[in-house]
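# Breakdown of the fold
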Amino acid sequence: MTTKKLVLAAVLGAVSIVGLAGAAAARDQIRIVGSSTVFPFTSTVVERFGQTTKFAAPILESTGTGGGMKLFCSGVGADFPDATGASRAMKASEYDSCQKNGVEQITELVIGYDGIGFVQSKAGQSFDLTRAQLFAALAKEVEVNGQIVPNPHKTWKDVDASLPATPIEVLGPPPTSGTRDAWVELVMEPGCKEFPAIKALDKARHDAVCKTVREDGAYIEAGENDNVIVQRLVANPRAFGIFGYSYLEENQDKLHGLTIDGVAPSYETIASSQYPISRPLFVYFKNQHFGVIPGLKEFLAEYGSERAMGDEGYLADKGLVPLPADKRKASEASAQKLTPMARPAS
């Protein structure tokens, strides 16, 4: 390396250090963004951390998984979040965005499992559903008589003659939500495989049909606040909602989850992987902020502890389904070592 390049590297390094030091001076509270599904779990850790340590309670904002990733990967320093919750794994494109903006090392903490409930008011007419029926109810395009057509189904009876003749009205997450991504992956894609004409499509067309939610009013994007969906379901017993199991568990006096492919959502069925709509949850930490933002390393240690994530941990009381012991230990150990994650495959 030439002398000029060495001097430039030293200057850039000094600027980086000054910038991070400025972050410490400018902010003495951890800032966390991300998934509305992960929000109640992180909120519980935030409360415990603020009560039991010398550090200020972190600032927590529910932005949705996609919105949180965008904020998290925007840069390093006081103006950018230290951590983000996600109801799906970080995408390769998001990892690349982080790298481009100087977020070079990221610690991934897998905190546990959550199921996605298809939920209604206890006052509503309950019925059992399959993922194929859910696809036929909510996809933008569906198969009818061997042809792919814009979704004509207005009522559940249109989807299947055995279902009631009530209008299809589903309140669900927007495209920025990790829950929406997981719904597409765990419900829409498996459901569309039941239709021969769709299976016969080329990959690009197949993906478009299987992954695109209808936009004609039957599916209503209800934002990132799942509590709003709860309130609207209580007010309208004919409507259904899509959100994480923890919100269902908190509102079991008012709501219930429908049986999907013969399995009802519960702590036990999610833990055993019997319930088909379940997924891991994550919190991502910015390694360059450790040792700079006060308490960040300690907060990670609290989140990744047995007292929080364990079988008898306080997050289980909030509806988080713990990882199996071996996976939990591996997640905890990797996080405690601040092991930088590798670039995701996709």
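Residues numbered from 1 in each chain as written. Predicted model: local features only at pLDDT ≥ 70, side-chain atom pairs only at ≥ 80, totals over all residues. Heavy atoms only, no water.

Attention now goes to the overall build of the protein chain. The secondary structure content of the protein chain amounts to 15 helices and 11 strands. The C-alpha atoms of the protein chain give 22 Å as radius of gyration, which agrees with the globular expectation for 346 residues (20 Å, within 12%). With the C-alpha coordinates aligned to their principal axes, the bounding extent of the protein chain is approximately 75 × 45 × 35 Å. Considering the protein chain as a whole, with its 346 residues, one finds that 52% of them fall into the buried category. Looking at the protein chain alone, contacts between residues at least 24 apart form 73% of all its contacts between residues at least 6 apart. Accessible surface for the protein chain amounts to roughly 15200 Å². Of this, 53% is attributable to carbon and sulfur atoms. In the protein chain, 35 positive and 40 negative side-chain charges are present, and the distance between their average locations comes to 5 Å. (Helix = DSSP H or I, 4+ residues; strand = E, 2+ residues; numbered from the N terminus. Rg over C-alpha atoms; globule rule 2.2 N^0.38 Å. Buried < 20%, exposed > 50% of the residue type's maximum accessible area, 1.4 Å probe, protein only. Contact = heavy atoms within 4.5 Å. Areas by Shrake-Rupley, 256 points an atom, 1.4 Å probe, with all protein chains shown as cover. Lys, Arg positive; Asp, Glu negative; His and termini not counted. Charge placed at Lys NZ, Arg CZ, Asp CG, Glu CD.)

Glancing now at the nonpolar core. Core analysis: the largest hydrophobic core is formed by 67 residues, its most contacted members being Met90, Phe118, Trp156 and Trp183. The dominant element in this core, judged by the number of residues it contributes, is helix 7 (residues 178-192), at 7 residues. Those residues in contact with Trp156, other than ones at most four positions away along the chain, are Phe118, Phe127, Leu129, Leu134, Ala137, Leu163, Pro164, Thr166, Pro167, Ile168, Val170 and Phe240. Ile32, Phe55, Leu109 and Met309 belong to the second largest nonpolar core, which has 27 residues in total. (Core = buried A, V, L, I, M, F, W, Y, C linked by side-chain atoms within 4.5 Å.)

A few words on helix 4 (residues 92-100). Buried within helix 4 we find Ala92, Glu94, Tyr95 and Cys98. The arc that holds the buried residues of helix 4, viewed along the axis, is 160 degrees, so those residues lie on one side. Facing away from the buried surface of helix 4 by more than 90 degrees, the exposed residues are Ser93 and Lys100. Summarising the contacts, the buried residues of helix 4 are in contact with helix 3 (65-72) and strand 4 (106-121). Two residues or fewer after helix 4 comes Gly102, characterised by a positive phi angle close to 90 degrees. (Arc of directions from axis to C-beta.)

Taken as a whole and assessed by the stated rule, the structure comprises 2 disulfides. The disulfide that involves Cys73 links it to Cys98, with 2.0 Å between the sulfurs. Between Cys73 and Cys98, the disulfide has an S-S torsion of -70 degrees and is therefore left-handed. Separated by 25 residues along the polypeptide, Cys73 in the loop between helix 3 and strand 3 (83-86) and Cys98 in helix 4 bring together distant segments of the chain. Taking the relative accessible area as the measure of exposure, Cys98 reaches 0% and is therefore buried. The side chain of Cys192 participates in a disulfide bridge whose partner is Cys210; the two sulfur atoms lie 2.0 Å from each other. Judged by the sign of its S-S torsion, about 90 degrees, the cystine formed by Cys192 and Cys210 is right-handed. Linking Cys192 in helix 7 with Cys210 in helix 9 (residues 203-211), this pair joins segments that are 18 residues apart in sequence. You can call Cys210 buried: its relative accessible area is 1%. If you count the bonded cysteines of the protein chain from the N-terminus, they pair up as 1-2, 3-4. (Disulfide = S-S within 2.5 Å.)

Bringing the pairing of strand 4 into the picture now. Within strand 4, 15 of the 16 residues are buried, leaving the element largely enclosed by the surrounding structure. Here strand 4 pairs with strand 11 (residues 278-286) via 9 bridges, running antiparallel. The residue bridging Val110 from the neighbouring strand is Phe282, located in strand 11. As paired strands, strand 4 and strand 10 (residues 255-257) are joined by 3 bridges and run antiparallel to one another. Bridge pairing links Val119 to Gly257 in strand 10. (Pairing = 2+ DSSP bridges.)

Here we come to the packing of helix 2 (residues 39-52) against helix 13 (residues 296-303). Contact geometry for helix 2 and helix 13: axes closest at 10 Å, N-to-C directions at 120 degrees. Of the possible angle classes, the one that applies to helix 2 and helix 13 is oblique. For the element pair helix 2 and helix 13, the recorded crossing hand is right-handed. Contacts between helix 2 and helix 13 involve Phe41, Thr42, Val45, Val46, Arg48 and Phe49 from the former and Glu298, Phe299, Glu302 and Tyr303 from the latter. Its residues placed into classes, the contact of helix 2 with helix 13 shows 6 nonpolar, 1 polar and 3 charged. (Axes fitted to C-alpha atoms, helices over the stretch in contact; angles between N-to-C directions. Parallel < 35°, antiparallel > 145°, perpendicular 65-115°, else oblique. Left-handed = near helix turned anticlockwise from the far one by under 90°. Nonpolar A, V, L, I, M, F, W, Y, C, P; charged D, E, K, R; others polar.)

As a further point, take the side chain of Thr155. As for its position among the elements, Thr155 is in the loop between strand 6 (147-150) and helix 6 (156-159). Assessed through its relative accessible area of 16%, Thr155 is described here as buried. Every residue in contact with Thr155, bar those within four places of it in the chain, is listed here: Ala165, Thr166, Pro167 and Ile168.

What follows concerns the confidence of the model for the protein chain. Overall, the predicted model of the protein chain reaches an average pLDDT of 90, with 92% of residues at or above 70. Counting interchain partners and residues more than four positions distant, the pLDDT-below-50 stretch residues 1-19 has 1 contact. Across residues 21-25, where pLDDT falls below 50, the model places 5 contacts with residues more than four positions away in sequence or in other chains. (pLDDT = per-residue confidence, 0-100.)

The next point concerns the environment of Phe72. Relative to the assigned elements, Phe72 resides in helix 3. Judged by its relative accessible area of 0%, Phe72 is buried. In the structure, Phe72 is positioned 29 residues away from Asn101 in sequence and 10.0 Å away in space, judged by C-alpha atoms. Every residue in contact with Phe72, bar those within four places of it in the chain, is listed here: Pro81, Asp82, Ala83, Thr84, Met90, Cys98, Val103, Ile106, Tyr284, Phe285 and Lys286.

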